[in-house]
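An overview of the molecular structure
Chain by chain, the residues:
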Amino acid sequence: MVHNFSAGPCILPQEVFKEASEAILNFNNLGLSLIEISHRSAAFVDVMEEARALVKELLNVPNGYTVLFLQGGASLGFLKAAYNMAGTHKKSAYINTGTWSTKAIKEARFTGEVDVIASSEDKGFNYIPKGYTVPQDVDYLHFTTNNTIYGTQFKALPEVGNVPLVADMSSDIFSKEIDASAFDLIYAGAQKNMGPAGTTVFIVKDEVFGRSPLQIPTMLNLETHAKKDSMFNTPPVFAVYVSMLNLRWLKKNGGVKAIEAVNNKKAETIYNEIDRNDKFVGFAAKEDRSNMNATFNLVDDSLKERFDQLLKEANINGLKGHRSVGGYRASMYNALPLSSVEAVVEVMRAL
Ligand SMILES: *Cc1c(COP(=O)(O)O)cnc(C)c1O
């Protein structure tokens, strides 16, 4: 068995892979593949509707919100968020906690003025900024809930007052309970914790539709997709289907609350070892550590070759840190079992 710590695309449950592969050959006993039938067929419309309903159910999304499965990744989501959330202030506020926030800020500048109200760039993005105030004369506040590359995570929502809240939740959606009602817009690329690459989920408060004073290009306008039940154009059928299977798996296993307890246990297991073992040092500030991506370094780099060899011998895959941070990163998404984290800890102790 390979322990898969890949940061994204990432591990999904084996039973999801099995069901998905069966659907490639013969979907719902139709004698046809999932990927050769019309997306307008009743069989696929059912898939899309179940996927959208599962998102609402698992995240406790209240009435008055619409769930969409779109294309373009979170990277196009940056621009979609900016276009659709624009308002009369012609100005938005962003918290910069790393590469993905920086990219989101860049895209938002295509649509208007951006006020970066807080940043952790001064320390290589190893912490979550605190003590900032959100100006009330902005159209929205955008933040990245979990910083995949640096291993930091917001433990509380920014206090926004009356300002609409927008979040890129690509790498921690469905990992823990959230208060969806606090947000006007949530978006997340599927490939970190929801499904295969190729689709991006949007959870949009219905009041957002039609709010923007900008001329939004058709495909970037969330209302376009909402009006057509997420079927304005051909959806990425396979990515939506596998996401749906994975959400079914999550529901069957007790939902977000149950997986959150497992995720906490996994994170505790690796961070305890990082703190206990004097050969390793954590990258992220302790109070801001991510439960999804644990980042750490060797204190003595000359041990690297041996540590890498031990990881390989233990069938541990994907532990290499992001090229911009270096060191190691254990991505512990929902489908990763606690036993895989224990396998890493064992190697850390053997070093
Ligand atoms: C991976 C990631 C992205 C980029 O997602 P794409 O789907 O590749 O565009 C954006 N934000 C966060 C937090 C990520 O982890």
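Predicted model only: the values in this text are computed from it and were never measured.

Now for empty space enclosed by the protein. The final tally for this structure, using the stated rule, is one cavity of 30 Å³ or more. Approximately 40 Å³ is the volume attributed to the largest cavity. Cys10, Ile11, Leu12, Pro13, Asn193, Met194, Asn246, Trp249, Asn334 and Ala335 together form the lining of the largest cavity.

Glancing now at the site of the ligand. Contacts to the ligand come from 13 residues, most closely from Ser75, Thr148, Asp168, Gln191 and Lys192. The contact in question runs from an oxygen atom of the ligand to an N or O atom on the side chain of Ser75, over 2.6 Å. A distance of 2.6 Å separates an oxygen atom of the ligand from a polar atom in the side chain of Lys192. Here the ligand is seated within the largest pocket. A class-by-class count of the residues in the shell around the ligand yields three nonpolar, eight polar and two charged.

With that settled, the discussion passes to the domain arrangement of the protein. Looking at the protein, the domain boundaries give domain 1 (14-252) and domain 2 (255-350). On a C-alpha basis, the centroid separation for the pair domain 1 and domain 2 is 27 Å. Each partner contributes to the interface: domain 1 provides 27 residues, whereas domain 2 provides 25 residues. Both faces combined, the contact of domain 1 with domain 2 buries some 2,100 Å², and carbon together with sulfur accounts for 53% of it. Together, Ile149, Gly151 and Glu177 form the three largest contributors to the area buried by domain 1 at its contact with domain 2, with a combined 23%. Where domain 1 meets domain 2, there are two salt bridges. Linking Asp288 and Lys130 is a salt bridge whose minimum nitrogen-to-oxygen distance equals 2.9 Å. At the surface where domain 1 touches domain 2, the tally comes to 16 residue pairs in polar contact (both at pLDDT 80 or more). Those elements that place two or more of their residues in the side of domain 1 that touches domain 2 are strand E7 (152-153) and helix H6 (237-252). The element best represented in the side of domain 1 that touches domain 2 is H6, accounting for three residues. When its residues are assigned to classes, the side of domain 1 that touches domain 2 shows 10 nonpolar, 10 polar and seven charged.

Further remarks concern a nonpolar patch on the surface. A contiguous nonpolar surface patch, about 370 Å² in accessible area, is contributed by Ile24, Leu25, Ile35 and Phe238. Here Ile35 is to be found in the loop between helix H1 (14-25) and helix H2 (42-58).

Before going further, it helps to examine the sheet that holds strand E2 (residues 65-70). The strands that make up a sheet are held in pairs by hydrogen bonds between backbone atoms, and each pair lies either parallel or antiparallel. Taken in spatial order, the seven strands make up an open sheet running E2-E10-E9-E8-E5-E3-E4, and their pairing is mixed. Sheet topology places E2 and strand E4 (113-119) at the edges, where each strand pairs with a single neighbour. Along the sheet, successive strands turn relative to each other by an average axial angle of 15°, direction set aside. Sheet topology note: the E2/strand E10 (residues 200-205) ladder contains six bridges and is antiparallel. Bridged to Tyr65 within E10 is Lys205.

What counts as what
Residues numbered from 1 in each chain as written. Predicted model: local features only at pLDDT ≥ 70, side-chain atom pairs only at ≥ 80, totals over all residues. Heavy atoms only, no water. 1 Å grid on protein atoms, 1.4 Å probe; cavity = no way out; pocket = protein on both sides within 12 Å on 5 of 7 lines; lining within 4 Å. Points joined across faces, edges and corners; volume = space filled by probe spheres on them. Near = heavy atom within 4 Å. Polar contact = N/O pair within 3.5 Å; in protein donor to acceptor, adjacent residues only side chain to side chain. Sits in = over half its atoms within 2 Å of the grid points. Nonpolar A, V, L, I, M, F, W, Y, C, P; charged D, E, K, R; others polar. Domains from an automatic or database assignment. Contact = heavy atoms within 4.5 Å. Buried area = accessible area lost by both parts, 1.4 Å probe. Salt bridge = Lys/Arg side-chain N within 4 Å of Asp/Glu carboxyl O. Helix = DSSP H or I, 4+ residues; strand = E, 2+ residues; numbered from the N terminus. Patch = residues over 30% accessible without salt bridge, like charges linked within 9 Å, V, L, I, M, F, W, Y side chains within 5 Å. Areas by Shrake-Rupley, 256 points an atom, 1.4 Å probe, with all protein chains shown as cover. Pairing = 2+ DSSP bridges. Axes fitted to C-alpha atoms, helices over the stretch in contact; angles between N-to-C directions.

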